[in-house]
Amino acid sequence: MINTSELKRASEWLRNADGIVIAAGAGMSVDSGLPDFRGTHGLWTSLLPAGMTERDVGSLTQGDCFLDRPVEAWQFYGRAFQVCRQLTPHRGYAMLARWARRVANGAFVFTSNVDGHFQAAGYDEARVLECHGTMNFMQCGKPCGAAIWPSDSTMANVDPDALTLSTLPRCPHCGHVARPNFLLFDDHHWVEKRTAAQWERMGTWLRAVKRPVVIELGAGTAVPSVRMFAESVRGPLIRINPEEYDVAGEGVGLQGTALDVLDALDALLATN
Ligand SMILES: [Zn+2]
């Protein structure tokens, strides 16, 4: 159940802020129908190459997987890419964008999701920070340099189920196996350049905002990047989470899925 008085406080912060920080974790994407890649929905198995079991998923989340097992890694992430591309961002993205248009400095997105759904929903690329990178760009698996390139041209020709070592996407600069430009666990090969530039832009934006409010959506505690960031921003925190919704400092915790609570907040903001 969403606490009504806390919901009201949250809507007042959103009205009175001059900038909205949207901090989105996996729960935001799950509401669009995306598998939770931590496996809690058991959907990993549907993406696994033939002959592999759910137990093998762990090794495909490690930074060395594109070096050690490039064919399996590509079969797995190639399917994940196709699943993400088939989904449409849910209506919550448009709601948040509408709220942001009412405040002087608009919104800045901080997300651990690599699906590019904020950009797909029409958000300005210059106002998004993807702390774990994105599947919409590729990089060299080695890497031989800091180059990244859009995934579209690569993925258009990839049939994950038919991939072999000789047909894997390659780095155009050195010919080594390519990989998506997102961060895996223990990943020493991730090219961080794009995310570093996004951090710069967010810092500049935040310095101009006098009364920020943070709205945190579906961010877990297992990989706490989004939570830690949300708590680091000055200003009240609106935490939306079905389970772990407690807030220690100034803020409110609203229990529910991202989309359910956004709907409730939107109804309240519309009454003005
Ligand atoms: Zn290379």
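Quantities reported herein were computed from a predicted structural model and do not represent experimental measurements.

S.K.: Looking at this structure, how should I read the sheet that holds strand 1 (residues 19-24)?
M.R.: Backbone hydrogen bonds are what pair the strands of a sheet, in a parallel or an antiparallel way. Overall, parallel pairing links the six strands, which are arranged 3-2-1-7-8-9 in an open sheet. At either margin of the open sheet sits one strand with a lone partner, and together these are strand 3 (128-130) and strand 9 (251-255). Adjacent strand axes in the sheet meet at a mean angle of 15 degrees, parallel and antiparallel pairs treated alike. Both strand 1 and strand 2 (residues 107-111) contribute to a ladder of five bridges, which runs parallel. What sits directly across from Ala23, in strand 2, is Phe110.

S.K.: Even after reading the chapter, I still don't get the coordination of the zinc ion, so can you show me in this structure?
M.R.: All of the protein donors around the zinc ion are Cys140 (SG), Cys144 (SG), Cys171 (SG) and Cys174 (SG); their distances to the metal are 2.3 to 2.4 Å. One can describe the donor arrangement at the zinc ion as tetrahedral, given that its four donor atoms subtend angles of 104 to 115 degrees at the metal. Read N to C, the donor residues that coordinate the zinc ion are spaced as C-x3-C-x26-C-x2-C. Taking the relative accessible area as the measure of exposure, Cys171 reaches 3% and is therefore buried.

S.K.: I tried to follow the sheet that holds strand 5 (residues 148-150) on my own but got confused; where do I start?
M.R.: One open sheet accounts for three strands, arranged 5-4-6; its pairing is antiparallel. Looking along the sheet, the strands with just one partner apiece sit at the ends: strand 5 and strand 6 (178-182). Averaged over all adjacent pairs, the angle separating strand axes in this sheet is 45 degrees, with direction ignored. Relative to strand 6, strand 4 (residues 133-140) is paired through five bridges, and the arrangement is antiparallel. Bridging across to strand 6, Gln139 finds its partner in Arg179. Strand contacts of helix 4 (residues 70-86): strand 4 and strand 6, with the helix running at about 145 degrees to strand 4, the strand carrying the most contacts.

S.K.: Explain the domain arrangement of the chain to me, please; I cannot follow it from the model alone.
M.R.: For an interface, size is often stated in terms of accessible area lost upon the parts coming together. Splitting the chain by domain gives domain 1 (1-34 + 89-132 + 191-272) and domain 2 (37-86 + 148-182). One C-alpha centre belongs to domain 1, the other to domain 2, and the line joining them spans 29 Å. At the interface, 10 residues of domain 1 touch seven residues of domain 2. For the domain 1 and domain 2 pair, buried surface summed over both sides reaches about 790 Å², with 69% attributable to carbon and sulfur atoms. On the surface where domain 1 and domain 2 come into contact, there are zero salt bridges. The tally of links from domain 1 across to domain 2 stands at one residue pair in polar contact (both at pLDDT 80 or more). Residues of the side of domain 1 that touches domain 2, tallied by class, amount to five nonpolar, two polar and three charged.

S.K.: What's the story with the packing of helix 5 (residues 92-101) against helix 10 (residues 258-271) in this structure? I'm lost.
M.R.: Where helix 5 contacts helix 10, the axes come no closer than 10 Å and their chain directions differ by 35 degrees. In this structure, the crossing between helix 5 and helix 10 has a hand that is left-handed. On helix 10, the residues that touch Gly92, Met95, Leu96, Arg98 and Trp99 of helix 5 are Leu259, Leu262, Asp263, Leu265, Asp266 and Leu269. Per-class residue counts for the contact of helix 5 with helix 10 are seven nonpolar, one polar and three charged.

S.K.: Explain unusual backbone geometry to me, please; I cannot follow it from the model alone.
M.R.: Across residues other than glycine, the phi torsion is negative in most instances, and most of the peptide bonds are trans. Following Lys142, the chain continues to Pro143 via a peptide bond in cis, the omega torsion being -15 degrees. For Pro143, the location among the structural elements is in the loop between strand 4 and strand 5. Non-glycine residue Asp186 carries a positive phi angle of around 50 degrees. Here Asp186 shows up in the loop between strand 6 and helix 8 (193-208).

Parameters and conventions
- Starting from 1, residues in each chain are numbered consecutively following that chain's sequence as written.
- The predicted origin of the model limits local features to residues at a pLDDT of at least 70 and limits the giving and counting of side-chain atom pairs to 80 or more, whereas totals for whole chains, interfaces and linings rest on all residues.
- Calculation of side-chain values draws on the structure's entire complement of heavy atoms; hydrogens and water are dropped beforehand.
- In this description, strands pair whenever DSSP reports at least two bridges between them.
- What counts as a helix is a DSSP run of H or I of at least four residues, what counts as a strand is a run of E of at least two, and both are numbered from the N terminus.
- Orientation is described by axes fitted as lines to C-alpha atoms, over the contacting stretch for helices, and by angles from 0 to 180 degrees between their N-to-C directions.
- Donor selection uses N, O and S atoms within 2.8 Å of the metal (3.2 Å for Na, K and Ca). Since no water is included, sites may look incomplete.
- Here the metal geometry follows the donor angles, with tetrahedral for four donors whose angles all fall between 85 and 135 degrees, square planar for four and octahedral for six when opposite donors are more than 155 degrees apart and every other angle is between 65 and 115, and irregular for all the rest.
- The buried label goes to any residue with under 20% of its type's maximum accessible area, the exposed label to any with over 50%, and the partly exposed label to all in between, with areas taken from a 1.4 Å probe on protein chains only.
- Throughout, a contact is declared for two residues whenever any of their heavy atoms are within 4.5 Å.
- Where each domain starts and ends follows an automatic or database-derived domain assignment.
- Two parts placed together each lose some accessible area under a 1.4 Å probe, and adding up what both lose gives the buried area.
- Any Lys or Arg side-chain nitrogen found within 4 Å of a carboxyl oxygen on Asp or Glu counts as a salt bridge.
- Side-chain atoms alone can form a polar contact between residues adjacent in sequence; in general such a contact is a pair of N or O atoms within 3.5 Å, and within protein one must be able to donate a hydrogen while the other accepts it.
- All residues other than Ala, Val, Leu, Ile, Met, Phe, Trp, Tyr, Cys, Pro, Asp, Glu, Lys and Arg, Gly among them, are scored as polar; the first ten of these are nonpolar and the last four charged.
- Note on convention: the crossing is left-handed when the near helix lies turned anticlockwise from the far helix by less than a right angle, right-handed when the turn is clockwise.

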